[in-house]
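Examination of the molecular architecture
What follows is the residue order along each chain.
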Amino acid sequence: MKETFLLDGSTIPFEPGQTVIQAALAAGHYIPHLCYHPEFKPHGSCKLCTVKINGRTVASCTMPAEAGLQVESEIEELNALRRSLVQMLFAEGNHFCPSCEKSGNCLLQALGYDLEVHATGFRHLYPDRPLDASHPDILLDFNRCILCELCVRASSEVDGKNVFALSGRGITKHLIVNAESGKLSDTNISLTDKAMQVCPVGVILPKRVGFSVPIGERRYDQRPISAQALDDAPRQTDAGGNCAACEGTP
Amino acid sequence: MGNDLETAAHPEKLRRVAIDPVSRVEGHGKVTLLLDEDDRVHQVRLHIVEFRGFEKFIQGRPYWEAPVMVQRLCGICPVSHHLAASKAMDMIVGATLTPTAEKIRRLMHYGQILQSHALHFFHLCSPDLLFGFDSEMAKRNIVGIAATYPEIARQGVLLRKFGQEVIRITAGKRIHGTGSIPGGVNKNVSIEERDYLLKDIEQVVAWSRESVGIARQLFEQNLDLYNNFGRFKAHTLNMVRGDGALDLYHGGLRARDMDGKTLFDHYDYSHYWDVIFEDVKTWSYMKFPFLRSLGPETGWYRVGPLSRVTQCDFIPTLQAEQARVEFLAFNGGSATGATLGFHWARMIEMLHAAEVIQDLLHDPDLQGNDLVSKGERQERGVGVIEAPRGTLIHHYKVDENDQIVRCNLIVSTTHNNQAMNEAIRQVARQYIDGRKLTEGLLNHIEVAIRAFDPCLSCATHALGKMPLEVELLDVEGDRVDVLTRSSDGSFCS
């Protein structure tokens, strides 16, 4: 008999060592998130996955699951805070979805739609962040960075290359390239690196791909992110190998 | 071709009347008239009061982003910018388009011509044309048309809708799609999508033919007015196919002077700057292009449907060609030089667009899967297309890192800048000079501007030290102070 906790009134089983978000996604319950990635250690920086546990707000990606927890996620109070967080991310960078080739495949944009972010909310900072187009096959558009550090983690933990890092503090914190020149062309990054696959927004892009996927066939054109996040999560199965939460999903 | 009403000798002694904003056009502009105490006109100018800046902020962006980014110049004919930029990027990637890619782009473009021409004629201009230029103002709009001429309004709406559906199927969205990419397109047209469009195309062709009839009727019923309203002689510029046929997607440049003498023909547009240059004037954000061989004073010209339909050798679809021949022959050819002849020519082009769409929908290449090609990478790309409003030029320079370092756009309405100014000066001479001003009289000025179907938001590209005027008004709206920056950057108050 697995131990369980309650999420918005539903019973969620969990394995020892799982976090609240891991157990929730595995059981087919979506909690909005941005910097969390099932293949990497929790980071806890974007705070989109914040839930209320026994009246306290905590990041569900770093909170270990415990028996008997009373977890609230799908409540207006938290969704309002999540909307504000997404609005702040949009205001902090230069996110021009209309001409961004990541549109339709962008986690931040998809979250904005899913959380019904209909207005700007905050005054845009319009930072000046020049592109790094020095590499022959890869383009870096720092304007869209949300500091999730997924590229930093992927390049370090999977690729073993340490191509990326964060520098500065507070509002001046920014993504840098670990090369003396600061240019991507002076690193050993390659198109097949894990760091090329994990950027949730349009910062790290293979060159000359652009808008080759037509509207209607992009990742979030057909189904919202809340449905697709469940597809990516490892699922809990019962003793017979069946996954109740997987029913009806492709 | 005198510019005698461009600048008054003593403006300080004159009364200023402004039409601000010019309505039922795309974008924001105003007209100012300076009149003396006897209501004689001394100065007439069309001012474009928007500032855009696309040529500047596209710098540094990757070249494959341009066709999607620059189309945001406009919400009415974004496909034109989408395709002109794509054609420039085809040169950058060294591509020769596959038959499928070229035909899908053509389908997208003629869908755009259809919807834009329908929008302009039915939604924006039919109130003037059907009710009269100085008819009751409250009724002079598309709602008034829908109430009085419901069938005409319905056909206008449905013609535009069909064009928008062609764009949606080829570009992914009705407005601001992504279908055209450097070297080709990102999707074909499926059998289901083709059949969806085919079921309405015969009706669309029939309605377009009837629309040509409406334009002709307007001339027949008001011959003097339509022949002479804002009439002036102008040089022309347009693109034609290799055999001289009307081709709105690709071809060479043809320029003729006002007497019909050919200045250049089938000119390779990738060197357009050898034949066209742009002048800047202190009182407008819009540049003033001119034909180099004739110089800035007299080298201005007219682009758009009237130039295209009168200057091509033939139209390569049956019904539109017949309509063109009738247009040229009407009343000894008088409509071909009339400002209001634009409307008739525009409807002939709409019929042509409907016929081209019909032909393309029966072409099996639309279902092909060979969508993109590329060749030897180039540094410079020029794309030219005949947009609904006229010749559209996109020119980019891209560095070795794939970033755009230079961009120049000469937009259809910019080509027509001086011609529009000449038209409104002519109308001012004909209808306003020496008469007491009324709203209906001032609308005559707007009717002349609307005939060109200007897109003022697309057309404002002058950069640098803009002439600006800031007015401080009191609570009654009276001017307390004014600060003016001239084109040389100096301020005066």
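Residues numbered from 1 in each chain as written. Chains lettered and ligands numbered in written order. Predicted model: local features only at pLDDT ≥ 70, side-chain atom pairs only at ≥ 80, totals over all residues. Heavy atoms only, no water.

With an unreviewed UniProt entry as reference, chain B is termed NAD-reducing hydrogenase HoxS subunit beta, source organism mine drainage metagenome. Word for word, the UniProt comment on chain B under Cofactor (unreviewed entry) is "Ni(2+)". The Sequence similarities (unreviewed entry) comment attached to chain B in UniProt states, word for word, "Belongs to the [NiFe]/[NiFeSe] hydrogenase large subunit family." (UniProt positions renumbered as here; feature names shortened; annotations may be inferred.)

Chain A appears in an unreviewed UniProt entry as NAD-reducing hydrogenase HoxS subunit gamma from mine drainage metagenome. On record in UniProt, under Cofactor (unreviewed entry), the comment for chain A is "[4Fe-4S] cluster".

Below, the discussion takes up the overall build of chain A. Along its length, chain A carries six helices and nine strands. Taken against the 2.2 N^0.38 rule, which gives 18 Å for 250 residues, the C-alpha radius of gyration of chain A at 19 Å falls within 12% of a compact globule. Taken over the C-alpha atoms alone, chain A extends approximately 55 × 40 × 40 Å along its principal axes. Across chain A, contacts joining residues at least 24 apart in sequence account for 62% of those joining residues at least 6 apart. Just so you have it, chain A exposes about 12100 Å², and 51% of that area is on carbon and sulfur atoms. (Helix = DSSP H or I, 4+ residues; strand = E, 2+ residues; numbered from the N terminus. Rg over C-alpha atoms; globule rule 2.2 N^0.38 Å. Contact = heavy atoms within 4.5 Å. Areas by Shrake-Rupley, 256 points an atom, 1.4 Å probe, with all protein chains shown as cover.)

A separate point is the interface of chain B and chain A. Counting from both sides, the interface comprises 20 residues of chain B and, opposite them, 18 residues of chain A. For the pair chain B and chain A, the summed buried surface comes to about 1600 Å²; carbon and sulfur atoms form 60% of the total. The tally of links between chain B and chain A comes to four salt bridges. Seen at the junction of chain B and chain A, the total is six residue pairs in polar contact (both at pLDDT 80 or more). For the side of chain B that touches chain A, the class distribution of residues is seven nonpolar, seven polar and six charged. (Buried area = accessible area lost by both parts, 1.4 Å probe. Salt bridge = Lys/Arg side-chain N within 4 Å of Asp/Glu carboxyl O. Polar contact = N/O pair within 3.5 Å; in protein donor to acceptor, adjacent residues only side chain to side chain. Nonpolar A, V, L, I, M, F, W, Y, C, P; charged D, E, K, R; others polar.)

As a measure of interface size, the accessible area lost when the parts come together is often cited. Each domain of chain B was delimited in the assignment, giving domain 1 (54-234 + 311-418) and domain 2 (468-493). Summarising the inter-unit geometry, the C-alpha centres of domain 1 of chain B and domain 2 of chain B are found 40 Å apart. (Domains from an automatic or database assignment.)

Here we come to unusual backbone geometry. Negative phi is the rule for most residues except glycine; trans is the rule for most peptide bonds. All names here are of chain B. Although it is not a glycine, His 266 sits at a positive phi angle of roughly 50 degrees. Relative to the assigned elements, His 266 resides in strand β8 (residues 262-267). Of the residues examined, His 266 reaches a relative accessible area of 36% and is grouped as partly exposed. Even without a glycine there, the phi angle at Asp 453 is positive, about 55 degrees. By secondary structure assignment, the location of Asp 453 is in the loop between α15 (439-451) and α16 (456-459). (Buried < 20%, exposed > 50% of the residue type's maximum accessible area, 1.4 Å probe, protein only.)

Residue and element names in this part refer to chain B. Taking strand neighbours across the sheet as the criterion, the three strands line up as β12-β13-β14 in an open arrangement whose pairing is antiparallel. Of all strands in the sheet, those with a lone pairing partner are β12 (380-387) and β14 (404-410), marking the two edges. Strand-to-strand twist of the sheet, defined as the mean angle between neighbouring strand axes without regard to direction, takes the value 10 degrees. Of the strand pairs in this sheet, strand β13 (residues 390-398) and β14 are connected by six bridges, and their pairing is antiparallel. Opposite Lys 397, over in β14, you have Arg 406 as the bridge partner. Lying on the sheet, helix α3 (residues 78-92) is in contact with β12, β13 and β14; it crosses β12 at an angle near 150 degrees. (Pairing = 2+ DSSP bridges. Axes fitted to C-alpha atoms, helices over the stretch in contact; angles between N-to-C directions.)

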